[in-house]
Amino acid sequence: QVQLMESGGGLVQPGGSLRLSCAASGDIGNIAAMRWYRQATGRQRELVAAVNYGGGTNYATSVEGRFTISRDNAKNTVYLQMNSLKSEDTAVYYCNVDSYGSKEYNRDTMYDYWGQGTQVTVSS
């Protein structure tokens, strides 16, 4: 069993900041990529940001320069620092992790895990 525990969502005014966290725990092996997605009401889920094991990152054009993704490999945790928030950033944000298995028989198998989502609302 692997759990992804997200935290940090909430209500913030336009121009404000929030920091999301997602901690992976349980029977998890080496984590490769860690990502944040978001889904606004009536829209498809979209990739916001991703970070690989070595720290390389990529961002959606709409958040570049405002959001920063980072990870702490020792804590199996990924963060999303969101600054200069806009109303269009309002969405449920989901953590996504690609991880190898933790057992001898599945250490070369990649698994895909999702968090439960955390609501971010940007409104005055």
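Conventions adopted
- Counting from 1, residues in each chain are numbered in the order their sequence is written.
- Only residues with pLDDT of at least 70 get local features here, since the model is predicted, and only at 80 or more are side-chain atom pairs given and counted; chain-wide, interface and lining totals rely on the full set of residues.
- Based on all heavy atoms of the structure, the side-chain values leave hydrogens and waters out of the count.
- In this text, helices come from DSSP runs of H or I with a minimum length of four residues, and strands from runs of E with a minimum of two, each type numbered from the N-terminal end.
- Accessibility here uses a 1.4 Å probe with only protein chains present; expressed as a share of the type maximum, an area under 20% marks a residue as buried, one over 50% as exposed, and anything in between as partly exposed.
- Contact between two residues is taken to exist if any of their heavy atoms lie within 4.5 Å; hydrogens are not considered.
- The disulfide criterion used throughout: a pair of cysteine sulfur atoms within 2.5 Å.
- One requirement defines pairing of two strands: DSSP has to find at least two bridges between them.
- Axes, fitted as lines to C-alpha atoms, cover a helix only where it is in contact. Angles between the N-to-C directions of the axes lie from 0 to 180 degrees.

J.: Explain the side chain of Ser21 residue by residue, including any values.
T.: For Ser21, the location among the structural elements is in strand S3 (residues 18–26). Here Ser21 falls in the buried class, since its relative accessible area comes to 17%. In contact with Ser21, other than residues within four places in its own chain, are Met5, Glu6, Ser7, Trp36, Val78 and Tyr79.

J.: Could you give an account of the state of the cysteines, with specific residues and numbers?
T.: Enumeration over the complete set of coordinates arrives at one disulfide. Each sulfur in the disulfide pair Cys22 and Cys95 lies 2.1 Å from the other. Classification of the bridge connecting Cys22 and Cys95 rests on its S-S torsion, roughly -80 degrees, and on that basis the disulfide is left-handed. Of this pair, Cys22 sits in strand S3 while Cys95 sits in strand S9 (residues 91–100), placing them 73 residues apart in sequence. By relative accessible area, Cys22 is classed as buried at 0%. Here Cys95 falls in the buried class, since its relative accessible area comes to 0%.

J.: Lay out the sheet that holds strand S1 (residues 2–7) with the relevant residues and their values.
T.: Within a sheet, neighbouring strands are paired by backbone hydrogen bonds and run either parallel or antiparallel to one another. Pairing within the open sheet is antiparallel, and its four strands lie in the order S1-S3-S8-S7. In this open sheet, the two edge strands, each paired with only one partner strand, are S1 and strand S7 (67–72). Strand after strand, the sheet turns through a mean of 15 degrees between neighbouring axes, direction not considered. As defined by bridge partners, S1 adjoins S3 across six bridges and the pair is classed as antiparallel. Residue pairing across strands places Val2 opposite Gly26, the latter belonging to S3.

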